[in-house]
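For reference, the chains in residue letters:
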Protein chains: 2
Amino acid sequence: MAFDPASLRFNEAGLVPVVAQEAATGEVLMLAWMNAEAVRRTLATGRVTYWSRSRQDFWVKGETSGHVQALVEMRVDCDRDALLVLVEQAGPACHTNRRSCFYTALRDGDEVVIMAPMA
Amino acid sequence: MAFDPASLRFNEAGLVPVVAQEAATGEVLMLAWMNAEAVRRTLATGRVTYWSRSRQDFWVKGETSGHVQALVEMRVDCDRDALLVLVEQAGPACHTNRRSCFYTALRDGDEVVIMAPMA
């Protein structure tokens, strides 16, 4: 069946949440958002492109930092309201220079930073 | 630092998106939502508990199906507006009986089902 980005179930802001996962290791890198056009651009270019809610503009991941995400595969969930992108992440995914944005674990009621910034 | 669920950045509906990942394999199972009380209950009980947007009620994953998610670890992202839960998933995570909800891949413009329901 041909995929139509308009067939996704976007929220009231026209966005779907997108989980980025490192293809080779399975590490979950970040969660961001796409609108229909960002989905189209990501599939057409092979460069993961989000919608920045703070800037209200397209966000070609790594465009300024060089920390690009090359798309390996995009997947849709059963409800068509979330996406998973398998990627090859260049450098850190997180703006804190960590590999993943999920670097804070909750252990015994405390927040524990479990990942150091990359050198 | 002590973790306070109220310190998360919830959306206008009081929810944060939550990525569930199988702890042993790294497989991304599903994306769902929690409010502050669902976060508290998940941490207190070790049973992953979401907020069902369709039912507008707490959703103890697997409560009716038996396909429970035992919490291994919860992580917060850098912006504090998304969560990752590492879990031990009993049976399929998806209501279609598939291990993961992300069973549809987009390949060459087509939707391809890449995962069969579990026996």
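Quick caveat, the model's predicted, so the values are computed rather than measured.

**Here's the deal with the overall build of chain A**
And step 1. Check the secondary structure of chain A and you find one helix and eight strands.
And step 2. Listed by position from the N terminus, the elements making up chain A come as β-β-α-β-β-β-β-β-β.
And step 3. Relative to the 2.2 N^0.38 estimate, which gives 14 Å for 119 residues, the radius of gyration of chain A is 15 Å and therefore close to what a compact globule would have.
And step 4. On the principal axes, the C-alpha backbone points of chain A span a range of 45 × 30 × 30 Å.

**Things to note about unusual backbone geometry**
All names here are of chain A.
And step 1. Backbone geometry places Arg80, a non-glycine residue, at a positive phi of 60°.
And step 2. Checked against the element boundaries, Arg80 lands in the loop between β5 (69–76) and β6 (83–89).
And step 3. Backbone geometry places Asn97, a non-glycine residue, at a positive phi of 75°.
And step 4. A residue is classified by how much of its surface remains accessible, and Asn97, at 30% relative accessible area, is partly exposed.

**What to know about helix α1 (residues 36–45) of chain B**
Residues and elements named next belong to chain B.
And step 1. When α1 is considered as a whole, its buried residues turn out to be Ala36, Ala38, Val39 and Thr42. Along the axis of α1, the buried residues cluster in a sector spanning 165°; they form a single face. Of the exposed residues in α1, the ones pointing more than 90 degrees away from its buried face are Ala44 and Thr45.
And step 2. Taken from the residues just after α1, Gly46 is the one with a positive phi, measuring 75°.

So, how was this worked out
- Residues numbered from 1 in each chain as written.
- Chains lettered and ligands numbered in written order.
- Predicted model: local features only at pLDDT ≥ 70, side-chain atom pairs only at ≥ 80, totals over all residues.
- Heavy atoms only, no water.
- Helix = DSSP H or I, 4+ residues; strand = E, 2+ residues; numbered from the N terminus.
- Rg over C-alpha atoms; globule rule 2.2 N^0.38 Å.
- Buried < 20%, exposed > 50% of the residue type's maximum accessible area, 1.4 Å probe, protein only.
- Arc of directions from axis to C-beta.

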